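What follows is each chain in one-letter form.
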Amino acid sequence: MVKMASHGKHIAIIVQQLNKFNPENQSVEDFLNESAKMLQTLNVTEEKFVLDTLAGCIEYKSLLDVVVDAFFVRDGRYCLISERNLYTVICYLATFQLEEIGLQHFSRIVKSLDTAKMQKFLRFFFNALYLNTWIKDEWSRFYDPLYVKENWIDPLLRWQPKVQQLIGQLTDKLSNRTTTIKTSTVTQPKEFNLTVPKPRAIPIPLPIPVLEKRQPVPPSTYKPPKEKKQLEEIKRKNRRKAEDLFVRANANQFRCATMKPEKGEHTHDSTASKPAFQAQKIQSKIDNMPIKLNAAAILREGALYQRKMEQELKRIENLLQGAGDPSEFLEWQKQMRGKDLEEQLAEIECRRLQGKLSHEEAVLARQNVIQENKKKADLMREEKAELMHQYAEKRLQEQKEVRELVEQVVEGHKNAKQAKIKLQKYKQQIVQEVCEENRELLRQALEEEEEKLKKRYELIQQIRAIESLPILRHKFVDLTETGGHGLICEMSIVELRERLALLREAQKAAEEEKRDQIIHEKQAKEQLLLDKLDQISLFRAELGRAAALKQEEKKRKSQSGERPMKDERILNLQKKIIEKTMERKKQAELLKITPPKSSIAPRKDSLQWNHWKELEESRERQFKNLQRGFMARETAQKMAAYEAARSGATVCILRSEVQ
């Protein structure tokens, strides 16, 4: 065994080498060969211990990362990430090498490191609850659960009481250390022996330049211009005119949507002005009150009735010329649509039953697959055990070959240190030369910047001297003269004002003309709306009568409907589904399949069953909706006709349907 003083040194070497290892750029064999070169100063046993520990940490990295990551999340939140490989090495020694090196050697290694860190990590790792629960489950993801329990978890639980004694010793050591720290003497600060600075010379003050007195700012600068006040007055006047026009237009607006009350309505209006106890008798007439329409609605409805009238005239002309009545074709079309609907419903029912049948077949196939999977799993376990045995033998042989290669490579690289020293000296010479060149370039750049600053300072002084000169600000303006810029459209301010006055007069005349034109157009539009309203009232009355006649004719007719016979395909599918379900139940009773330990399979079955159940319900709903869709068209037309007869609203009723 090595001495205690060298334990910490060996662990530090292992951690340093693990920090250097990069699996993306370097293989494990190359890394171990390079590490063996650096360990030439150690003896054979120490070198073997370091190399075995390095190889084990790399090989079982996935298992060790599980424990170390959990430690940093739970108990090691305030530990340094740079010490991660230290905890990885201790975890490897405790898990895989504790039986080989013994508890005494392991305790020496632990005591040679930081006491607080080791006490915290060992208390976390040798927790019996953690070993039996999540550590065992996480390791079972990489290796066989039985192998993990027998070879790693059970030995750790056997060593756990003795390791708890080691943790207690570390805790006592920490408590003694804390007491010694508390009783330490306080450091007394001393003043620095600083040199007294020499008094600085007072600089001679520069003479303050005296500037000439400037003229004050004229008061017109802070007063608003007269043109702005004139524009505001014009805006106020225009706003008052617009408000007066708006009030007049609202007072004299045209009421275009009012209907002339009939004699019966006059009597009801007269009764409405009587006492309030007769209000219940008038309640039935409120629905027939006329609705006030806007101009767009009136024109739209008028265009609709005009288009219908043109279509009716065209149809009558075609009949006079010898064209046939399309009522027979429409009746045939209605019958064919009903047949198509029945075929569509039968097809949907067939698809639903086929899906149900396929579900029953899938359940039977699943039962057969479960039995086959059990047999395959047993064969896989036997093959896995044989492969693990072969892998262990192959691994031992590879380790022997690696050690032989390491010894051969060490002999061929004895002069590597001298080459490194020569390369370092050469690099130092290059660095010195580059530093001298940089200093020269910096000196030249500073000189150039100083010259630029001097030139800028001289320019600023010249600009300030120019600005200090007095400037004549008074300027006499003649409003009758032009600017003298040499332009063709040049004019004086007086001429500009005259032209602006002429333009205002022309603008006012154009506004008056436009206003008269708008009034004439408005009167013509109002007359057009009145004509349209009369035409709409006539059309509404006629359509209401036609709808009432059609409703009475439909009431007289007897509605007789025979249920469609079921399709033979549907009956055959239903029989097949019943046979499959009976076969599945018999097979389940005979086989007596036991459910697996995990709840994944029953959950999948329940999800499949819910999925098929939802599909069946959605298909039934679709079947019912399609079955009712054909009748919904006729009921919608009946309701529309009834509302048109009741309230006189606009209803689009085709001439062929009325007949």
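As shown above, the structure is provided for reference.
What you see is a predicted model; the values in this text were computed from it and never measured.

Draft legend 1. Focus on the overall build of the chain. Scanning the chain for helices and strands turns up 19 helices and zero strands. A burial count over the chain gives 20% of its 659 residues as buried. Residue pairs in contact within the chain that sit at least 24 positions apart in sequence constitute 76% of those at least 6 positions apart.

Draft legend 2. Here's a closer look at a positive patch on the surface. Among the surface-exposed residues, Lys237, Arg240, Lys241, Arg504 and Lys508 lie close enough to one another that they form a single positively charged patch. Those elements that provide at least two residues to the positive patch are α10 (226–251) and α16 (493–556). Element by element, the count of residues in the positive patch is highest for α10, at three residues. Mapped onto the elements, Lys241 comes out in helix α10.

Draft legend 3. The environment of Arg84, seen in detail. Of note, Arg84 is situated in helix α5 (residues 84–96). Spatially, the C-alpha atoms of Arg84 and Val68 are 7.3 Å apart, while their sequence positions differ by 16 residues. Setting aside its immediate chain neighbours within four residues, Arg84 contacts Asp65, Val68, Asp69 and Phe72. Within the local environment of Arg84, its side chain forms a polar contact with the side chain of Asp69, the two groups lying 2.6 Å apart.

Draft legend 4. Seen up close, the packing of helix α13 (residues 295–320) against α16. In contact at an axis separation of 9 Å, α13 and α16 are set at 55° when each is read in the N-to-C sense. The angle between the axes of α13 and α16 places the two elements in the oblique class. Seen from above, α13 lies across α16 with left-handed handedness. Here Ala295, Ile298, Leu299, Glu301, Gly302, Tyr305, Gln306 and Met309 of α13 lie close against α16, whose contacting residues are Lys525, Leu528, Leu529, Lys532, Leu533, Gln535, Ile536, Phe539, Arg540 and Leu543.

Draft legend 5. Spatial organisation of the packing of aromatic side chains. Counted by the stated rule, this structure contains 20 aromatic pairs. A centroid spacing of 5.8 Å and a plane angle of 80° characterise the contact between Phe72 and Tyr87, whose relative ring orientation is edge-to-face. Placement of the pair is Phe72 in helix α4 (residues 61–73) and Tyr87 in helix α5, with a sequence separation of 15 residues. The burial state of Phe72 is the same as that of Tyr87; both residues are buried. Centre to centre, the rings of Phe121 and Phe125 are 6.1 Å apart; their planes meet at 15°, and the pair counts as stacked. Of this pair, Phe121 and Phe125 both sit in helix α7 (residues 115–125), four residues apart, which is roughly one turn of that helix. Comparing Phe121 with Phe125 shows no difference in burial state: the two are buried. The lysine or arginine in question, Arg74, covers the ring of Tyr130, its NZ or CZ lying 5.2 Å from the ring centre.

Calculation notes
Residues numbered from 1 in each chain as written. Predicted model: local features only at pLDDT ≥ 70, side-chain atom pairs only at ≥ 80, totals over all residues. Heavy atoms only, no water. Helix = DSSP H or I, 4+ residues; strand = E, 2+ residues; numbered from the N terminus. Buried < 20%, exposed > 50% of the residue type's maximum accessible area, 1.4 Å probe, protein only. Contact = heavy atoms within 4.5 Å. Patch = residues over 30% accessible without salt bridge, like charges linked within 9 Å, V, L, I, M, F, W, Y side chains within 5 Å. Areas by Shrake-Rupley, 256 points an atom, 1.4 Å probe, with all protein chains shown as cover. Salt bridge = Lys/Arg side-chain N within 4 Å of Asp/Glu carboxyl O. Lys, Arg positive; Asp, Glu negative; His and termini not counted. Charge placed at Lys NZ, Arg CZ, Asp CG, Glu CD. Polar contact = N/O pair within 3.5 Å; in protein donor to acceptor, adjacent residues only side chain to side chain. Axes fitted to C-alpha atoms, helices over the stretch in contact; angles between N-to-C directions. Parallel < 35°, antiparallel > 145°, perpendicular 65-115°, else oblique. Left-handed = near helix turned anticlockwise from the far one by under 90°. Phe/Tyr/Trp six-rings, centres within 6.5 Å; stacked < 30°, edge-to-face > 60°. Lys NZ or Arg CZ within 6 Å of the ring centre and 35° of its normal.

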